[in-house]
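# An overview of the molecular structure
One-letter residues, chain by chain:
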Amino acid sequence: MKSMTDRSSSARLRRLLPVLALTLLCLLCLTAQTAHAGVKAMLLINLNTGKTLYERNANLSIPPASLTKLMTMYLAMDAVSSRKLSLMGKVRVTREAARTGGSSMHLRTGERLLLSRLMLGMAVASGNDAAMTVAHAISGSTRNFVRLMNRKARNLGLRHTVFKNPSGLPAPGQKTTARDMARLARAYLKAYPSVRTFHATRRLVH
């Protein structure tokens, strides 16, 4: 009798699971609406399937800000994959990079750091100087790197995105959408799952 009761309970639970899942999703959406009432644009997707779970003004043109560094880190990993750079190789900080304003690792001109350290600097401290240093190591100049960024954006289908610098500092004509940024993040994480280590780090002292 006990086993029949257990089977009946399990059957009821299986029938309720879709309802519970839908209820949870609705609660998450309501929470998102409440918590992010002032946010201009947002998009929540399933990383595995790409399915949209929640969106608000996902196609609105907005500045990419520090999410730009996802593209910079993506291109850095491409350089590692092609053996142009190594995560354990040292990169020299250029004068232009050291003078970059905004959020910073406080790098000094001529300083040499492991590429992996600079990746952490971008992911944890949103270091604009780290982004510029990596860009120069890959392409030799900001202009050349921006060309690579926009070429990669086109290849990924980011139709409403234009990059003007490697860091995301405000620049005329620099734009994206929440949908494009979600597509970029998904492609980046699927191509290089190991980068989660950088983004999971909570603290960095340099």
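Source: prediction; values computed, not measured.

### Quick look at the overall build of the protein chain
Helix and strand content of the protein chain: eight helices and four strands. Among the 206 residues that make up the protein chain, the fraction classed as buried is 37%. The contacts of the protein chain with a sequence gap of at least 6 include a subset with a gap of at least 24, amounting to 60%.

### Section: the packing of helix H4 (residues 115–125) against helix H5 (residues 128–139)
Two elements in contact, H4 and H5, have axes separated by 8 Å at closest approach and are oriented at 140°. Taken together, the axis directions place H4 and H5 in an arrangement best described as oblique. Judged by the twist between their axes, the crossing of H4 over H5 is left-handed. Residues Leu-115, Leu-118, Gly-121 and Met-122 of H4 form the contact with H5, whose own contacting residues are Ala-130, Ala-131, Thr-133 and Val-134. When the residues that make up the contact of H4 with H5 are grouped by side-chain class, the tally is six nonpolar, two polar and no charged.

### With respect to the environment of Val-195
Here Val-195 is to be found in the loop between helix H7 (178–191) and helix H8 (196–200). A relative accessible area of 0% places Val-195 in the buried class. The sequence separation of Val-195 and Met-73 amounts to 122 residues, and the corresponding C-alpha distance is 8.8 Å. Residues in contact with Val-195, not counting those within four places in the same chain, are Met-77, Tyr-188 and Leu-189.

### Topic: the nonpolar core
Ranked by internal contacts, the top residues of the largest apolar core, which has 39 residues, are Met-71, Leu-118 and Met-119. Listed by contribution, the elements that provide at least two residues to this core are helix H2 (68–81), H4, H5, helix H6 (142–155) and H7. Looking at this core element by element, the count peaks at eight residues for H2. With near-sequence residues (within four places) excluded, Met-119 lies in contact with Met-73, Ala-76, Met-77, Leu-87 and Phe-198.

### A closer look at a positive patch on the surface
On the surface, a cluster of positive charge is contributed by Lys-90, Arg-92, Arg-95, Arg-99 and Arg-112. For Arg-112, the location among the structural elements is in strand E4 (residues 112–114).

### A short note on the packing of H2 against H4
Where H2 meets H4, the axes come as close as 10 Å, and the angle between the chain directions of the two elements is 160°. Classified by the interaxial angle, the pair formed by H2 and H4 is roughly antiparallel. Judged by the twist between their axes, the crossing of H2 over H4 is left-handed. Two secondary-structure elements touch here, H2 through Lys-69, Thr-72, Met-73, Ala-76, Met-77 and Val-80 and H4 through Leu-115, Met-119, Met-122 and Ala-123. Tallied by class, residues from the contact of H2 with H4 come to eight nonpolar, one polar and one charged.

### A closer look at the confidence of the model for the protein chain
Fine structural detail should not be taken from predicted coordinates in areas where pLDDT scores are low. For the protein chain, per-residue confidence averages 88 on the pLDDT scale, and residues scoring 70 or more make up 82% of the total. Every residue in residues 22–27 scores below 50 in pLDDT, and together they form one contact with partners more than four places removed in sequence or on other chains.

### So, the pairing of strand E2 (residues 52–56)
Sheet analysis places strand E1 (residues 42–45) next to E2, joined by four bridges and oriented antiparallel. Bridge pairing links Leu-44 to Tyr-54 in E2.

### Section: the pattern of salt bridges
Here the structure, examined in full by the defined rule, presents three salt bridges. With its nearest N and O atoms 2.7 Å apart, the salt bridge here joins Asp-78 to Lys-152. Of this pair, Asp-78 sits in helix H2 while Lys-152 sits in helix H6, placing them 74 residues apart in sequence. By relative accessible area, Lys-152 is classed as buried at 17%. Of the charged contacts, one joins Asp-180 and Arg-183 as a salt bridge, the two residues approaching to 3.4 Å between their closest N and O atoms. You can see Asp-180 and its partner Arg-183 sitting in helix H7, three residues apart, about one turn around the helix. Residue class for Asp-180 comes out buried when judged on its relative accessible area of 2%. The exposure class assigned to Arg-183 is partly exposed, which follows from its relative accessible area of 37%.

Rules and cut-offs
- Note that residues are indexed from 1 along each chain, following the sequence as it is written.
- pLDDT decides what is reported in this predicted model: residues at 70 or higher carry local features, side-chain atom pairs at 80 or more are listed and counted, and totals for whole chains, interfaces and linings draw on all residues regardless.
- To get the side-chain values, take all heavy atoms of the structure and skip hydrogens and water.
- Think of it this way: any DSSP run of H or I at least four residues long counts as a helix, any run of E at least two long counts as a strand, and we number them from the N terminus.
- Think of it in three bands: residues with accessible area under 20% of the maximum for their type are buried, residues over 50% are exposed, and the middle band is partly exposed, with areas taken using a 1.4 Å probe on protein chains only.
- Pairs of residues are marked as contacts when any of their non-hydrogen atoms sit within 4.5 Å.
- In this analysis an axis means a line fitted to C-alpha atoms, helices contributing only their contacting stretch, and an angle means the value between N-to-C directions, from 0 to 180 degrees.
- Orientation is classified from the angle alone, with under 35 degrees giving roughly parallel, over 145 giving roughly antiparallel, 65 to 115 giving roughly perpendicular, and any other angle giving oblique.
- Left-handed is the label given to a crossing in which the near helix is rotated counterclockwise from the far helix by less than a right angle, and right-handed is the label when the rotation is clockwise.
- The residue classification treats Ala, Val, Leu, Ile, Met, Phe, Trp, Tyr, Cys and Pro as nonpolar and Asp, Glu, Lys and Arg as charged. All others, Gly included, are polar.
- We call a set of buried Ala, Val, Leu, Ile, Met, Phe, Trp, Tyr and Cys residues a nonpolar core when their side-chain atoms join them within 4.5 Å.
- Patch definition: residues above 30% relative accessible area lacking any salt bridge, with like charges linked at up to 9 Å and the nonpolar side chains Val, Leu, Ile, Met, Phe, Trp and Tyr linked at up to 5 Å.
- In these tables, accessible area is a Shrake-Rupley quantity obtained with a 1.4 Å probe, and a residue counts as shielded only by the protein chains included in the view.
- The working definition used for a salt bridge is a side-chain nitrogen of Lys or Arg within 4 Å of a carboxyl oxygen of Asp or Glu.
- Only four residue types enter the charge count, namely Lys and Arg as positive and Asp and Glu as negative; His and the chain termini do not.
- Note on charges: their place is set at NZ of Lys, CZ of Arg, CG of Asp or CD of Glu.
- pLDDT is defined as a per-residue confidence score from the predictor, taking values between 0 and 100.
- Strand pairing requires that DSSP identify at least two bridges connecting the strands.

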